[in-house]
Amino acid sequence: MNEWLAVFLLGIVEGITEFLPVSSTGHLLLAQQIFGKWIQPQSDLFNIVIQSGAVLAVIPLFKNRIITTIKEWKNKETQIFIAQIALAFFITGMGGLILEKKGFTLPETPMPIALALLIGGILFLGIETWLKGRSTTEAITWRIAIAVGLGQLIAAVFPGASRSGTTILVALMMGLSRSMATEYSFLVGIPTMLAAGGYKIFKELTDPIEGAPPEDWGMVGLGFLVSGIISFITVKWLLRYVQTHTFNAFGYYRIGIGLALMLMILN
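All values reported here derive from a predicted model rather than from experimental measurement.

A.B. asks: Teacher, can you tell me more about the overall build of the protein chain here?
C.D. replies: Looking only at helices and strands, the protein chain features 11 helices and zero strands. Along the protein chain, helices and strands appear, N-terminal first, in the series α-α-α-α-α-α-α-α-α-α-α. For the protein chain, the C-alpha radius of gyration of 18 Å lies close to 18 Å, the compact-globule estimate for 267 residues. Taken over the C-alpha atoms alone, the protein chain extends approximately 55 × 40 × 40 Å along its principal axes. Counting all 267 residues of the protein chain, 44% fall into the buried class. In the protein chain, 86% of the contacts between residues at least 6 apart in sequence involve partners at least 24 apart. Treating the 18 positive side-chain charges of the protein chain as one cloud and the 16 negative ones as another, the clouds have centres 13 Å apart.

A.B. asks: Would you take a moment to explain the packing of aromatic side chains for this structure?
C.D. replies: When we look at a pair of aromatic rings, we describe it by the centre distance and by the angle of the planes. Within the structure shown, the criterion is met by eight aromatic pairs. Of note, Arg65 hangs over the ring of Phe81, and the distance from its end group to the ring centre comes to 4.5 Å.

A.B. asks: Mind showing me how you'd approach the environment of Tyr199 here?
C.D. replies: Along the chain, the position of Tyr199 falls in helix α9 (residues 178–206). As for Tyr199 and Ile48, which are separated by 151 residues in sequence, their C-alpha atoms are 9.9 Å apart.

A.B. asks: I'm lost on the pattern of salt bridges in this one. Help?
C.D. replies: Any two side chains of opposite charge can pair, on the condition that their charged atoms come close. Summed over the entire model, instances satisfying the criterion amount to three salt bridges. Across the salt bridge formed by Lys203 and Glu100, the nearest N and O atoms sit 3.0 Å from each other. On the criterion of sequence distance, the pair formed by Lys203 in helix α9 and Glu100 in helix α5 (residues 76–101) is long-range, its members being 103 residues apart. Judged by relative accessible area, which is 37%, Lys203 ranks as partly exposed. With relative accessibility at 34%, the residue Glu100 sits in the partly exposed group. Its salt-bridge partner being Glu128, residue Arg178 comes within 2.6 Å of it at the nearest N-O pair. Taken together, the residues Arg178 in helix α9 and Glu128 in helix α6 (residues 111–131) connect sequence positions 50 residues apart. By relative accessible area, Arg178 is classed as partly exposed at 27%. On the basis of relative accessibility, which here comes to 2%, the residue Glu128 falls in the buried class.

A.B. asks: What am I meant to see in a nonpolar patch on the surface here?
C.D. replies: A cluster of nonpolar side chains, Leu225, Ile229, Phe232 and Ile233, forms an exposed patch at the surface whose accessible area comes to about 370 Å². One can find Ile233 in helix α10 (residues 217–241).

A.B. asks: Just to check I follow, could you spell out the packing of helix α1 (residues 3–17) against α10 for this structure?
C.D. replies: For the pair α1 and α10, interaxial distance at closest approach is 7 Å and the crossing angle is 35 degrees. Of the two possible hands of crossing, α1 and α10 adopt the one that is right-handed. On α10, the residues that touch Glu3, Trp4, Val7, Phe8, Gly11, Ile12, Glu14, Gly15 and Ile16 of α1 are Met219, Leu222, Gly223, Val226, Ser227, Ile230, Ser231 and Thr234. Looking at the contact of α1 with α10 residue by residue, the classes come out as nine nonpolar, six polar and two charged.

A.B. asks: I would appreciate a short explanation of the side chain of Glu14 in the present structure.
C.D. replies: Relative to the helices and strands, Glu14 resides in helix α1. Once residues within four sequence positions are removed from consideration, Glu14 is found in contact with Ser24, Leu28, Ile50, Gln51, Ala54 and Ser227.

A.B. asks: Looking at this model, I keep getting lost on α6. Mind explaining?
C.D. replies: Helical geometry note: an α-helix holds 3.6 residues per turn, so side chains three or four residues apart project in the same direction. Compared with an ideal rise of 1.5 Å per residue, which puts 21 residues at 30 Å, α6 spans 30 Å between its outermost C-alpha atoms and is within 8% of the ideal. Looking at α6, one finds that the buried residues are Ile113, Ala114, Ala116, Leu117, Leu118, Gly120, Gly121, Phe124, Leu125, Ile127, Glu128 and Leu131. At the C-terminal side of α6, Gly133 shows a positive phi close to 80 degrees.

Cut-off values and rules
- Per chain, the residues get numbers from 1 upward, laid out in the order the sequence is written.
- Per-residue local features are limited, in this predicted model, to residues with pLDDT of at least 70; the limit for side-chain atom pairs, both in listing and counting, is 80 or more; totals at the level of whole chains, interfaces and linings are taken over all residues.
- Side-chain measures here rest on the full set of heavy atoms in the structure, leaving out hydrogens and waters.
- Secondary structure counts use DSSP, requiring at least four H or I residues in a row for a helix and at least two E residues in a row for a strand, with both numbered from the N terminus.
- When we talk radius of gyration, it's over C-alpha atoms, and the globule rule is simply 2.2 Å times the number of residues to the 0.38.
- Note on classification: 1.4 Å probe, protein chains only; a residue is buried when its accessible area is under 20% of the maximum for its type, exposed when over 50%, partly exposed between these limits.
- Residue contacts follow a heavy-atom distance rule, with two residues in contact if any of their heavy atoms lie within 4.5 Å.
- Charge counting follows a simple rule: Lys and Arg are positive, Asp and Glu are negative, and His as well as the terminal groups are ignored.
- One atom stands in for each charge, and that atom is NZ of Lys, CZ of Arg, CG of Asp or CD of Glu.
- Put simply, two rings from Phe, Tyr or Trp (the six-membered ring, in Trp's case) pair if the centres are within 6.5 Å, and we call them stacked under 30 degrees between planes, edge-to-face over 60, tilted for the rest.
- Criterion for a charge above a ring: Lys NZ or Arg CZ within 6 Å of the ring centre, and within 35 degrees of the ring normal.
- The salt bridge definition used is simple: a Lys or Arg side-chain nitrogen within 4 Å of an Asp or Glu carboxyl oxygen.
- Excluding any residue in a salt bridge, patches collect residues exceeding 30% relative accessible area, merging like charges within 9 Å and nonpolar Val, Leu, Ile, Met, Phe, Trp and Tyr side chains within 5 Å.
- The Shrake-Rupley method, run with a 1.4 Å probe sphere, supplies the accessible areas, and residue values consider only the shown protein chains as cover.
- Here the axes come from fitting lines to C-alpha atoms, over the contacting stretch only for helices, and the angles between their N-to-C directions go from 0 to 180 degrees.
- By definition, any crossing whose near helix is turned counterclockwise from its far helix by less than a right angle is left-handed, and any crossing with a clockwise turn is right-handed.
- Note that Gly is not counted as nonpolar here; it falls among the polar residues with everything else outside the nonpolar set of Ala, Val, Leu, Ile, Met, Phe, Trp, Tyr, Cys and Pro and the charged set of Asp, Glu, Lys and Arg.
- Helix span is expected to be 1.5 Å times the residue number reduced by one.

The following block contains the structure:
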């Protein structure tokens with residue numbers, strides 16, 4: 001497989017899965033398992049940059065919310081909303097820095113990713129069953145902001161859990177509606193992921209791995225562009241989907257992907 005075609009494929013996988021509650025890490029691993037003969041492992045910098053492309057691309061989808069927030073920043077409710085996003089971001093950021101100081105490293109084996117996908121799928125089905133007949137709210141509370149911040153940390157520690165999946169699950173458990181849980185998860189995730197991506201890119205560029213081959217910035221740019229375009233389309237669809245559908249489909253899908261990964265690993 002030509003390198004540009006492989007990068008194009010990885011960009012599509014990243015763009016589709018970054019914000020869907022299905023784990024981009026798990027799907028990139030699955031792509032590697034299926035197309036491993038043709039797709040060479042990419043550098044950490046490549047993975048970080050295409051993730052950042054997916055994040056940046058969804059900002060225009062929230063332009064009305066962002067513009068309104070800027071215009072009405074003196075409004076008390078708007079200030080509280082900004083503070084709630086900042087709190088979740090702060091909890092995740094401080095937790096991440098503490099984990100890094102403690103020398104935490106992600107598991108290098110794929111089985112934890114498969115397990116996280118499977119468990120997350122079961123939890124989605126369980127929570128959707130629990131939500132039947134219950135009333136939900138559109139109001140973000142301080143408890144929800146704290147829970148979402150902690151949810152992002154859980155996703156960082158357990159690859160395959162999915163950042164969006166974990167935070168949406170947490171918000172649903174706290175009584176938030178599906179559409180607001182999805183929107184708040186994304187609004188908190190944008191600054192969180194951009195900050196994490198910017199930090200990692202800075203580290204990669206200022207302290208490169210000795211002996212590592214030079215980065216092909218043309219391929220990095222292609223992956224960035226493809227993931228961004230696909231992410232924009234995917235998130236636009238998801239924001240409409242959750243207004244009239246449950247997350248059951250994602251639960252079943254995660255269970256299927258988790259089991260498929262396990263079979264590939266065990267074989």
